[in-house]
Amino acid sequence: MFDKPQVQHPLDVLTEIENKAAMDQELLLRDSGTPWADLLADYVDALNDLAVQGTAENGYIATYGLDEGHAGGCG
């Protein structure tokens, strides 16, 4: 009789849209003259300054190392 038309799975459609948007953004960033690495470094420095100011108000400065905390799990 009639063949049922193939319908693409909704999650596949969303994945395609997401991938296209990511590629478009990457091209825009690459083609712009903005020094993104410098901006990111400045942003991280500003966040660090804010964090230090926040802890300095109470006289406590939190320091963390790679081996402290629970990053690797507790067991």
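Above this text is the structure in question.
The text that follows walks through the structure, step by step, so that each part is easy to find. (Residues numbered from 1 in each chain as written. Predicted model: local features only at pLDDT ≥ 70, side-chain atom pairs only at ≥ 80, totals over all residues. Heavy atoms only, no water.)

### A closer look at the pattern of salt bridges
Next, step 1: One pass over the full model with this rule turns up 2 salt bridges.
Next, step 2: Here Lys20 ties to Asp24 by a salt bridge, and the two come within 3.1 Å at their closest N and O atoms. You can see Lys20 and its partner Asp24 sitting in helix H1 (residues 10–31), 4 residues apart, about one turn around the helix.
Next, step 3: Across the pair Glu26 and Arg30 runs a salt bridge, and its minimum N-O distance is 2.6 Å. Pair noted here: Glu26 and Arg30 are both in helix H1, with a separation of 4 residues, about one helical turn.
Next, step 4: Assessed through its relative accessible area of 44%, Glu26 is described here as partly exposed.
Next, step 5: Given the relative accessible area of 53%, Arg30 is considered exposed. (Salt bridge = Lys/Arg side-chain N within 4 Å of Asp/Glu carboxyl O. Helix = DSSP H or I, 4+ residues; strand = E, 2+ residues; numbered from the N terminus. Buried < 20%, exposed > 50% of the residue type's maximum accessible area, 1.4 Å probe, protein only.)

### A short note on a nonpolar patch on the surface
Next, step 1: On the surface, Leu40, Tyr43, Val44, Leu47 and Leu50 cluster together into a nonpolar patch covering about 510 Å² of accessible area.
Next, step 2: When you line up the elements, Leu47 lands in helix H2 (residues 36–56). (Patch = residues over 30% accessible without salt bridge, like charges linked within 9 Å, V, L, I, M, F, W, Y side chains within 5 Å. Areas by Shrake-Rupley, 256 points an atom, 1.4 Å probe, with all protein chains shown as cover.)

### Topic: a negative patch on the surface
Next, step 1: Negative charge collects at one region of the surface, where Asp38, Asp42, Asp45 and Asp49 lie side by side.
Next, step 2: Residue placement: Asp49 occurs in helix H2.
Next, step 3: You can call Asp49 partly exposed: its relative accessible area is 46%. (Lys, Arg positive; Asp, Glu negative; His and termini not counted. Charge placed at Lys NZ, Arg CZ, Asp CG, Glu CD.)

Just geometry here; none of it tells us what the structure is for.
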